Amino acid sequence: MGNGAYRRPPIVPPKEVVVRVVFLDRDGVINENRPDHVKSWSEFQFLPGALEALRLLHEAGWRAIVVTNQAIIHRNIVPSAAVDDINQRMREAVEIHGGHIDAVLYCPHRPEENCECRKPRPGLLRQAATQFNLPLDQCYIIGDAYSDIQAGRAVGCRTIMVKTGRGLQQMMTAPPLSLRPHQVVRDLADAATWMVRAERRRQLLHIPDSDLPIDVPPITPVSLFPWSSNSSST
Ligand SMILES: [Mg+2]
Ligand SMILES: [Zn+2]
């Protein structure tokens, strides 16, 4: 009897939830850039949608690490305690809005000091990788400058450029191929939405980690009914 009986297909165990890590530049991505630098909490202004984006990422299981150049410290514009204070208050505000920033790493050096941590060098990313045991080639980085993209590319991160902050101005010049971001989006909110969707799609389709979605062309609006536009003139 058993031969012809319907047999259920074997149950596929749920795929292990993969924790994703995203590096975020701070000024121009999370908060408004200021030509005279963000020197105190009163000068810190979240960009529209940034808090919601951080909440979305946190709820979707992402870890967020801020990596930021703060040369104002070694330029003696502000003490490091002032930068620490801004970062701490930023983290508290993010927390209140349902998000979470796991760590903030910053470079205090001036460009002339030629340090390893000032972006476009990838020192901060390497530091985070050591500290948190991260596979950098599976991490994302979001920035508003080619220096962020360059740092990410140097260690194999997936790179996303936003048009906020210095983004649009940076995009006026075409970068060398090695500096091109994998994805360009309007702002942090769009970046978060895109990343969460791309990751969900990858998990649903069982696409291996090594094939994380990159170099996906931006979606352009296409008319579903191309004939309808001229239908009135017969
Ligand atoms: Mg920036
Ligand atoms: Zn540095």
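To start, this report covers the structure provided alongside it.

### A short note on the pairing of strand β1 (residues 21-24)
Residues Val21 and Phe23 of β1 are buried on one face, and the alternating residues Val22 and Leu24, pointing to the opposite face, are buried as well. For the segment spanning β1, helix α1 (residues 50-59) and strand β2 (residues 63-69), crossover handedness is right-handed. Two elements, β1 and strand β4 (residues 140-143), share three bridges in a ladder whose sense is parallel. Within β4, the position partnered with Val22 by the bridge is Tyr140.

### Considerations on helix α4 (residues 146-154)
Taking burial as the measure, the nine residues of α4 include seven buried ones, the bulk of the element. When we look at burial in α4, the residues that qualify are Tyr146, Asp148, Ile149, Gln150, Ala151, Gly152 and Arg153. Positive backbone phi, at 85°, marks Gly156, one or two positions downstream of α4.

### Details of the packing of α1 against helix α6 (residues 188-204)
The geometry of α1 relative to α6 is characterised by a closest axis approach of 8 Å and an angle of 20° between their N-to-C directions. In terms of axis orientation, α1 runs roughly parallel to α6. Classified by chirality, the crossing of α6 by α1 is left-handed. On the side of α1, the interface is formed by Ala50, Glu52, Ala53, Leu56 and Leu57, while α6 contributes Leu188, Ala189, Ala192, Thr193 and Val196. Partitioned by chemical class, the residues of the contact of α1 with α6 number eight nonpolar, one polar and one charged.

### Things to note about the pairing of β2
Judged by how many residues are buried, β2 sits mostly within the fold: six of seven residues are covered. Looking at chain direction, β1 and β2 are connected through four bridges and run parallel. When the bridges of β2 are listed, Val22 appears paired with Ala64. Judged from the five bridges that link them, β2 and strand β3 (residues 103-107) form a sheet pairing that is parallel. Paired with Val66 across the two strands is Val104, which belongs to β3. Between β2 and its parallel partner β3, the chain crosses via helix α2 (residues 80-96), and the hand of that crossover is right-handed.

What counts and what doesn't
Residues numbered from 1 in each chain as written. Chains lettered and ligands numbered in written order. Predicted model: local features only at pLDDT ≥ 70, side-chain atom pairs only at ≥ 80, totals over all residues. Buried ≥ 20, exposed ≤ 12 C-beta atoms within 10 Å, placed from the backbone. Helix = DSSP H or I, 4+ residues; strand = E, 2+ residues; numbered from the N terminus. Right-handed = clockwise from strand over helix to strand, strands pointing away. Pairing = 2+ DSSP bridges. Axes fitted to C-alpha atoms, helices over the stretch in contact; angles between N-to-C directions. Parallel < 35°, antiparallel > 145°, perpendicular 65-115°, else oblique. Left-handed = near helix turned anticlockwise from the far one by under 90°. Contact = placed C-beta atoms within 7 Å. Nonpolar A, V, L, I, M, F, W, Y, C, P; charged D, E, K, R; others polar.

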